[in-house]
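Structure at a glance
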Amino acid sequence: MNRPANNVLLIEDESKIRRFLRAGFELQGYSVIEAENATDGLKAATFSAPDLIILDLNLPDIHGAEVLERIRSWSNVPVIILSIVSGEDEKVRLLQAGADDYVVKPFGMAELLARSEAALRRYFKSATENPVVVAGPLSVDLVTRTVSLNKHPIRLTRKEYRLLHILATHVGLVVTHDQLLKDIWSGNQRDNIQYLRILVRKLRQKIESDPNRPRLLVTESGVGYRLQARFEDIAAD
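Let me sum up the structure you'll find in this document.

With that settled, the discussion passes to the pairing of strand β11 (residues 217-220). Bridge analysis of β11 against strand β12 (residues 224-227) gives 4 bridges, and the strand direction is antiparallel. Bridging across to β12, T219 finds its partner in Y225.

Set out below in structure tokens:
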């Protein structure tokens, strides 16, 4: 089964390096978002909800250290710094400021991919205490991005997985309509709850034994949705 792609945001002003990074990440199944300056990168980090950010320090408009500080004010998404500076003091300063790793240019793509996988694994393990979320017969591996039902793998679209991923990282808790719309869509679609209802219906068709009486992905009327921590018999709203 092809796994849904992790979303990686590349904030890098040099087009040649962006092309190099895009090619390497896409070969490993990542979905890539590009930003050529800090301003566009911060917008993409806000609206595209990336799983990983690769951040160059020497950007034309805002220094990468300030970009990191702004991201850390509202998000714990893994951030890997790229820099031509190899000094230990600089590395320590940025790691203490919240960077997950620091890679010195020039670098090999294999090394960066390995560091990216490690950062994602740490992030998802920290967020859930266990990178595998289990809800009744449903199992979601947040690191490998694989989903199984009754131990059989199931195929999800990118948006279906994104919805399930958000609910799984908040398993047992209600996630509001507004939060889901913001994290899954951008543009005008962010304000249209009907898109969310359609997506929930499609996901239920794949994970529920009876989509009309959901026991896993349940509705909290007027608020949002919840992935049940325990497998209970709760009717649809």
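Another point: helix α2 (residues 38-47). Those residues of α2 that sit buried are A38, G41, L42, A44 and A45. Each buried residue of α2 lies within a common arc of 165° when the element is viewed along its axis, so the set occupies one face. Where the residues of α2 are buried, they touch β1 (7-11), β2 (31-35), β3 (52-56) and α3 (64-72). The opening residue of α2 is N37, an N-cap whose side-chain oxygen sits 3.2 Å from the backbone nitrogen of T39. Positioned one or two residues after α2, A49 has a phi angle of 50°, which is positive.

The subject of this paragraph is the packing of aromatic side chains. Applying the stated criterion across every chain yields a total of 3 aromatic pairs. On the numbers, 6.0 Å between centres and 55° between planes, the contact of F20 with F107 is tilted. Of this pair, F20 sits in helix α1 (residues 15-27) while F107 sits in the loop between β5 (101-104) and α5 (109-128), and the two are 87 residues apart along the sequence. When its relative accessible area of 40% is taken as the criterion, F20 is described as partly exposed.

How each quantity is defined
Throughout, residues of each chain are indexed from 1 in the direction in which the sequence is written. The predicted origin of the model limits local features to residues at a pLDDT of at least 70 and limits the giving and counting of side-chain atom pairs to 80 or more, whereas totals for whole chains, interfaces and linings rest on all residues. Only hydrogens and water are removed before side-chain values are computed, so all heavy atoms of the structure are retained for them. In this description, strands pair whenever DSSP reports at least two bridges between them. Strands are runs of DSSP state E lasting at least 2 residues, helices are runs of H or I lasting at least 4, and numbering of each runs from the N terminus. Burial classes follow relative accessibility: with a 1.4 Å probe on protein chains only, a residue under 20% of its type's maximum area counts as buried, one over 50% as exposed, and anything between as partly exposed. Within this analysis, the arc is defined by the directions that extend from the helix axis to the C-beta atoms. Here a residue-residue contact requires only that any non-hydrogen atoms of the pair lie within 4.5 Å. Definition of a polar contact: a pair of N or O atoms within 3.5 Å, with one able to donate and the other able to accept a hydrogen when the atoms are protein atoms, and with sequence-neighbouring residues admitted only if both atoms are side-chain atoms. Side-chain rings of Phe, Tyr and Trp (the six-membered ring for Trp) are treated as a pair once their centres are within 6.5 Å; stacked means planes under 30 degrees apart, edge-to-face means over 60, and tilted covers the remaining angles.

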